[in-house]
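Structural description and commentary
Now for the letters of each chain:
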Amino acid sequence: VQLVESGGGLVQPGGSLRLSCEASGFTFSRYRMSWYRQAPGKERELVALITSSGGTTNYADSVKGRFTISRVNAKNTVSLQMNSLKPEDTAVYYCMVELSIRYWGQGTLVTVSE
């Protein structure tokens with residue numbers, strides 16, 4: 001199983017970023033996918049998840065209305081569109097899939113700052 005995130009970077013407050021996660025090594029279309037984040041000095045937290053078909057999504061209260069998770073099963077890709085970014089969104093963002101165990105990507109850093 002391999003998960004490779006991309007799309008992080010430095011953005012000003014109020015700006016937008018789109019993160020992507022390319023998956024391989026398992027049947028992507030059969031599994032729920034999630035985005036987590038970990039800010040400095042804090043525990044890793046769930047940001048958003050999407051069911052295998054893409055029909056159901058859930059979000060942390062802190063990102064509802066600003067972030068959108070989506071997936072393209074034909075491309076083995078899950079994305080996180082992040083709008084109206086705030087400094088408190090600064091974190092390393094991880095893609096995760098749970099098969100028999102949890103698999104994580106290497107993470108991509110998002111920094112929201114002036």
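Heads up: the structure comes first, above all this text.
For the rest of this paragraph, the subject is the pattern of salt bridges. In total, this model carries 5 salt bridges according to the counting rule given. The closest approach of N and O atoms between Arg-37 and Asp-89, which form a salt bridge, is 2.9 Å. In this pair, Arg-37 is assigned in strand β4 (residues 33-38) and Asp-89 in the loop between β8 (77-82) and β9 (91-98), connecting sequence segments 52 residues apart. Grouping residues by exposure puts Arg-37 and Asp-89 together as buried. Asp-89 is the partner of Arg-66 in a salt bridge, and the nearest nitrogen-oxygen pair spans 2.7 Å. Here Arg-66 is found in the loop between β6 (57-59) and β7 (67-72), whereas its partner Asp-89 is found in the loop between β8 and β9, with 23 residues between them in sequence. Among the residues examined, Arg-66 registers a relative accessible area of 10% and is labelled buried. A single salt-bridge network, built from bridges that share partners, covers Arg-37, Glu-45, Arg-66 and Asp-89.

The 4 strands are arranged β1-β3-β8-β7 in an open sheet whose pairing can be described as antiparallel. With partners counted over all chains shown, the strands left at the sheet margins are β1 (2-6) and β7, one partner each. Direction aside, neighbouring strands of the sheet carry axes that sit 15 degrees apart on average. Both β1 and strand β3 (residues 17-24) contribute to a ladder of 5 bridges, which runs antiparallel. Bridged to Leu-3 within β3 is Ala-23.

Locating Val-92 in the fold gives a position in strand β9. Note on Val-92: relative accessible area 24%, which makes it partly exposed. Beyond its immediate sequence surroundings of up to four residues, Val-92 is in contact with Tyr-36, Arg-37, Gln-38, Gly-107, Thr-108 and Leu-109.

Moving on, we come to the packing of aromatic side chains. Counted under the stated rule, the structure contains 4 aromatic pairs. A ring pair is formed by Tyr-94 and Trp-104, whose centres lie 6.3 Å apart and whose planes are at 90 degrees; its orientation type is edge-to-face. Here Tyr-94 is found in strand β9, whereas its partner Trp-104 is found in strand β10 (residues 102-104), with 10 residues between them in sequence. Given the relative accessible area of 31%, Trp-104 is considered partly exposed. A connected cluster of aromatic rings, assembled from ring pairs, spans Phe-26, Phe-28 and Tyr-31.

Thresholds, definitions, all that
Residues numbered from 1 in each chain as written. Predicted model: local features only at pLDDT ≥ 70, side-chain atom pairs only at ≥ 80, totals over all residues. Heavy atoms only, no water. Salt bridge = Lys/Arg side-chain N within 4 Å of Asp/Glu carboxyl O. Helix = DSSP H or I, 4+ residues; strand = E, 2+ residues; numbered from the N terminus. Buried < 20%, exposed > 50% of the residue type's maximum accessible area, 1.4 Å probe, protein only. Pairing = 2+ DSSP bridges. Axes fitted to C-alpha atoms, helices over the stretch in contact; angles between N-to-C directions. Contact = heavy atoms within 4.5 Å. Phe/Tyr/Trp six-rings, centres within 6.5 Å; stacked < 30°, edge-to-face > 60°.

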